[in-house]
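Now for the letters of each chain:
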Amino acid sequence: MPDGPVAGRPVAGRPGEGRPAGDGPEEDRPDVRVNARHLESAILSLRQPIVAAPLLLEAPGAAGMRAERRKLLAQIDDYLLPRLRESGAPMLVALVGSTGAGKSTLVNSIVGTQVSNTGIRRPTTNSPVLACHPDDVAWFAENVFLPTVPRVRQEGLARSGRDGLLVLAANEGMPKGVALLDTPDIDSEVQAHREFAHQFLDASDLWLFMTTAGRYADAAVWDLLQQARDRGAALGIVLSRVPEGAAPQLVRHFDAMLAANRLGRNQRFVIPETVLMNGKLPGGISGPVRDWLASMAVEADRRIAVLSQTMSGVLDTFRTRIPALAAHVESQLALRAGLQAAAEGGYTTALAELEHSLRDGSLLRGEVLARWQDFAGTGDLVRALQSRRGGRGASSRQRRQQGQARAQKLKQALRDCLESLVASVADRAAEDAVARWRDHPAGAALLDQLSGSASRDGWRGSRFAADAGARLGPGDDPFLMAEGSGGADEIGSDQRTTGAELGRASADLPRRAARAVSGWQDSLARVVRAENVTKRSIARVVALDEEALAAVLVVALLGQDDDSDEDGAAAMAHRLLTSLLGTALVRDVLGRAQSGLRERICLLLDEEMLRFTQALDAAGVPEATAALRLYQATYMLEVAR
């Protein structure tokens, strides 16, 4: 095995490209003192509006912004809060890289024994292994570190854990004060493994990236390296499996690519192709990496530099990421208002259609017309409304009873046609509102959610966030609940209207419409009574029936705009009312009658439209100031820094 300049030794950055992470004279770095307590308070204050940010509706970029929110919360709960509270806790180094890079072999070589499985099966690491000194394992065993990840202590030989389980491997071979985490492959075919790897990167103080001579140009490699650069994370880079003969050319090319991507400042190691001894690299090759990691833990200046760089890098990204989240929140609020307006538009159109039908005479057909003809067509219309004073014989009583029966049948027919009109218009309004929602991706997705049982993405907070519960307020952090917990963040429960039900009128609308129309008809009789209509001059000759006269008012009202037939029901009713009451009073009474009917029907349609508002509310009720709170919290974080 060669022991040349590439044999596991650190390769410094090119001249003019800067220094490796954690290196360099102290005087070159600004001495900025930050009050950790103030910074922690500012981060907690920022966390609350991030949790509460309404990302409830589907819109361009909504899915990505929800993922970004989860990432922000993960960085706050898994990294920033624990590190601020426990600045002296062991450093966590995440070893991340592409498939077959030899990460597990490097971990075993640094520890001095096998703690992570190796082999030709891909992926080899199906659950991450965290190697640390026994004195440090307590920190990683507590739920302050990655509180959402279950963990188990490794006993005896290394063995595979189940997916999603963190294996804690305590071993005397690891330097004190630093832990090395062997993560799943970033280019794994298993999406859960890739997501797991990124979650651990967000919780790490330093990234140690590892790739091979055969794969260092892959897009996945540079995507992750650029992510580390953009985040400002402290970073070390390992190029492994470098053939001896091609080492100089490969290293120069790799260096050039790093420099071109503004990554030339970072510490780099090159591991040549070599024969493993008992599954481990020779000490001369893995030793420099181990020494570099150990120096990060024991040299205070380098440790502070790494921790400051990574934390500052995370916080620096908040300057753009939080405003981007706030801007999306603003678009969500506008989208919600648009969906509300779309539903209202459907009902506004339906109301205009209904008002036209109430005046154009179209309702004076069929059963209503038959009952009117029976009521008024058997003789003089006035006679149908009167009973002669003093008529006490059997024939007089019989005529009164027959007239009252015909008036009641007319009243019932009018009631039935009005109820049917309200029901049909409400059905069309619901169909129109649903169609308008279907035309928008957010509305269509919401209807699908209502028809199913979708719930928002959940987030279990860390102990540090839970400790801040008094500051956040009880119940203000819905993401502290498990997914599917049956809380307010679930859509489509049995107690809510489904998407299919929204497309038609409520099941109880006929009952409510019957009550409204009946009440309106009764109010007309009270109007007739209040205006002393039956006590006017004609009352000297006849006694008018109030119920019958109220029915005539309805007929006149329903044909106000129908001038096609001068002998039609509406025209006849209107002439009779004018002769009894006078033009001015007829206009006033009909106006009040129309206003009362419209008010009752509007109330019914408003109740129907409320189902759409409730559907929006079922997805979550956003705060109007949600975006402003994000902007303000971001500003206060900058002040605290």
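For every chain, the first residue of the written sequence is number 1, and numbering continues from 1 onward in sequence order. In keeping with the model being predicted, local features are shown solely for residues with a pLDDT of at least 70 and side-chain atom pairs are shown and tallied solely at 80 or more, while totals for entire chains, interfaces and linings include all residues. Hydrogen atoms and water are omitted, and side-chain values are computed over all heavy atoms in the structure.

A. Representation of the overall build of the protein within the structure. Helix and strand counts for the protein come out as 21 helices and 11 strands. Throughout, the Shrake-Rupley method with a 1.4 Å probe supplies accessible areas, and for residues the shown protein chains are the sole cover considered. Total accessible area on the protein stands at roughly 28500 Å², and carbon and sulfur atoms take up 51% of it. For the purposes of this entry, the term helix denotes a DSSP run of H or I that reaches at least four residues, the term strand denotes a run of E that reaches at least two, and both are numbered from the N terminus.

B. The arrangement of the pairing of strand 8 (residues 234-242) in detail. Here's how the labels work: a residue is buried when its accessible area is under 20% of the maximum for its type, exposed when over 50%, partly exposed in between, all with a 1.4 Å probe on protein chains only. Burial analysis of strand 8 places eight of its nine residues in the buried class, which makes it a mostly covered element. Only strands that DSSP links by at least two bridges are regarded as paired with each other. The pairing of strand 7 (residues 206-212) with strand 8 spans seven bridges and is classified as parallel. What sits directly across from W207, in strand 8, is L235. Examined bridge by bridge, strand 8 and strand 9 (residues 267-272) share five bridges and lie parallel to one another. Paired with I237 across the strands is R268, a residue of strand 9.

C. A look at the packing of helix 8 (residues 283-298) against helix 9 (residues 300-357). Where helices are involved, their axes are fitted lines through C-alpha atoms of the stretch in contact, as for all axes, and angles between N-to-C directions lie from 0 to 180°. At a closest axis distance of 5 Å, the pairing of helix 8 and helix 9 adopts a crossing angle of 90°. Judged by the angle between their axes, helix 8 and helix 9 are roughly perpendicular. Here W292, S295, M296, A297 and V298 of helix 8 lie close against helix 9, whose contacting residues are A300, R302, R303 and V306. When describing relative orientation, an angle under 35 degrees is termed roughly parallel and one over 145 degrees roughly antiparallel, while 65 to 115 degrees is termed roughly perpendicular and anything else oblique. A contact between two residues is defined here by any heavy atoms of the two lying within 4.5 Å.

D. Broad picture of the pairing of strand 2 (residues 91-97). Burial runs high along strand 2: seven of the seven residues are buried. Burial along strand 2 is two-sided: M91, V93, L95 and G97 and L92, A94 and V96, pointing in opposite directions, are all buried. Summarising the sheet, strand 2 and strand 6 (residues 178-182) pair through five bridges and their orientation is parallel. From the neighbouring strand, V93 faces strand 6, where its bridge partner is L180.

E. Focus on the packing of helix 1 (residues 36-52) against helix 21 (residues 626-640). Packing of helix 1 against helix 21 brings their axes to within 9 Å, and their N-to-C directions diverge by 165°. In terms of axis orientation, helix 1 runs roughly antiparallel to helix 21. Helix-helix and strand crossings are classified by hand; for helix 1 and helix 21 the assignment is left-handed. Note on element contacts: helix 21 touches helix 1 through R629, L630, A633, T634, M636, L637 and A640, opposite H38, L39, A42, I43, S45, L46, Q48, P49, I50 and A52. Polar here means any residue other than Ala, Val, Leu, Ile, Met, Phe, Trp, Tyr, Cys and Pro, which are nonpolar, and Asp, Glu, Lys and Arg, which are charged; Gly is therefore polar. Each residue belonging to the contact of helix 1 with helix 21 can be placed in one class, and the counts come to 12 nonpolar, four polar and one charged. In this scheme the handedness of a crossing depends on how the near helix is turned from the far one: anticlockwise by less than a right angle means left-handed, clockwise means right-handed.

F. Just the packing of aromatic side chains, in detail. Here the aromatic set is Phe, Tyr and Trp, taking the six-membered ring for Trp, and pairing holds for ring centres within 6.5 Å; pairs whose planes are under 30 degrees apart are stacked, those over 60 apart are edge-to-face, and all others are tilted. Evaluation of the coordinates by the stated rule reveals six aromatic pairs. Between Y216 and F254, the ring centres sit 5.3 Å apart and the planes meet at 65°, which makes this aromatic pair edge-to-face. Of the two residues, Y216 is situated in the loop between strand 7 and helix 6 (219-231) and F254 in helix 7 (residues 247-260); the sequence distance between them amounts to 38 residues. Considered together, Y216 and F254 belong to a single accessibility category, that of buried residues. The structure contains a cluster of three or more aromatic residues connected by ring pairs, namely Y216, W222 and F254. By definition, being over a ring means that NZ of Lys or CZ of Arg is both within 6 Å of the ring centre and within 35 degrees of the ring normal. The cationic tip of R231 hangs over the ring face of Y79; the distance from NZ or CZ to the ring centre is 5.8 Å.

G. How the structure looks around a nonpolar patch on the surface. Together, Y635, M636 and V639 give the surface a local cluster of nonpolar side chains, amounting to about 340 Å² of exposed area. Along the chain, M636 turns up in helix 21. For M636, a relative accessible area of 47% corresponds to the partly exposed category. In this scheme, patches are assembled from residues that exceed 30% relative accessible area and form no salt bridge. Like charges are connected within 9 Å, while nonpolar side chains (Val, Leu, Ile, Met, Phe, Trp, Tyr) are connected within 5 Å. Note on definitions: salt bridges are taken to be side-chain nitrogens of Lys or Arg within 4 Å of carboxyl oxygens of Asp or Glu.

H. Structural detail: the nonpolar core. Ranked by internal contacts, the top residues of the largest apolar core, which has 80 residues, are L358, W372, L418 and W437. Every element with two or more residues in this core is listed here: helix 9, helix 10 (366-376), helix 12 (394-438), helix 13 (441-451), helix 17 (509-530), helix 18 (546-558), helix 19 (569-581) and helix 20 (583-619). Of the residues forming this core, the biggest block, 16 residues, is contributed by helix 20. Buried Ala, Val, Leu, Ile, Met, Phe, Trp, Tyr and Cys residues that are joined via side-chain atoms within 4.5 Å together make up what is termed a nonpolar core. With 32 residues, the next largest nonpolar core counts A101, V167, I271 and A297 among its residues.

I. Quick look at the pattern of salt bridges. Considering all chains together, one arrives at 29 salt bridges under this definition. Here R85 and E40 are joined by a salt bridge, their closest N and O atoms 2.5 Å apart. Remark: E40 occurs in helix 1 and R85 occurs in helix 2 (residues 62-85); sequence separation between them is 45 residues. By relative accessible area, E40 is classed as buried at 11%. A single salt-bridge network, built from bridges that share partners, covers D508, R511, R512, E607, E608 and R611.

J. Up close: unusual backbone geometry. In this structure, R262 takes a positive phi of about 60° despite not being glycine. If you check the backbone angles, N278 has positive phi at about 55° while not being a glycine.

K. View of helix 6. A helix is expected to span 1.5 Å multiplied by its residue count minus one. For helix 6, which comprises 13 residues, the first-to-last C-alpha distance of 18 Å matches the rise-based estimate of 18 Å (1.5 Å per residue) to within 8%. For helix 6, the complete set of buried residues consists of V221, W222, L224, L225, A228 and R231. With its phi angle positive at about 80°, G232 sits one or two positions after the end of helix 6.

L. Structural context of the confidence of the model for the protein. One confidence number per residue, pLDDT, is output by the predictor and ranges from 0 to 100. Here the protein shows a mean pLDDT of 79. Residues at 70 or above account for 76%. Across residues 1-32, where pLDDT falls below 50, the model places 73 contacts with residues more than four positions away in sequence or in other chains. Across residues 453-460 the pLDDT falls below 50, and counting only partners more than four positions away or on other chains, this stretch makes 33 contacts in the model.

M. The arrangement of the environment of T105 in detail. Mapped onto the elements of the fold, T105 is located in helix 3 (residues 103-111). Counting along the chain gives 10 residues from T105 to V115, while the straight-line C-alpha distance between them is 9.4 Å. Sequence-distant contacts of T105, defined by excluding residues within four places in its chain, comprise T118, L276, G279 and L281.

N. Summary view of the environment of S87. Counting through the fold element by element, S87 comes out in the loop between helix 2 and strand 2. The partly exposed category is assigned to S87, whose relative accessible area is 48%. As for S87 and L307, which are separated by 220 residues in sequence, their C-alpha atoms are 8.7 Å apart.

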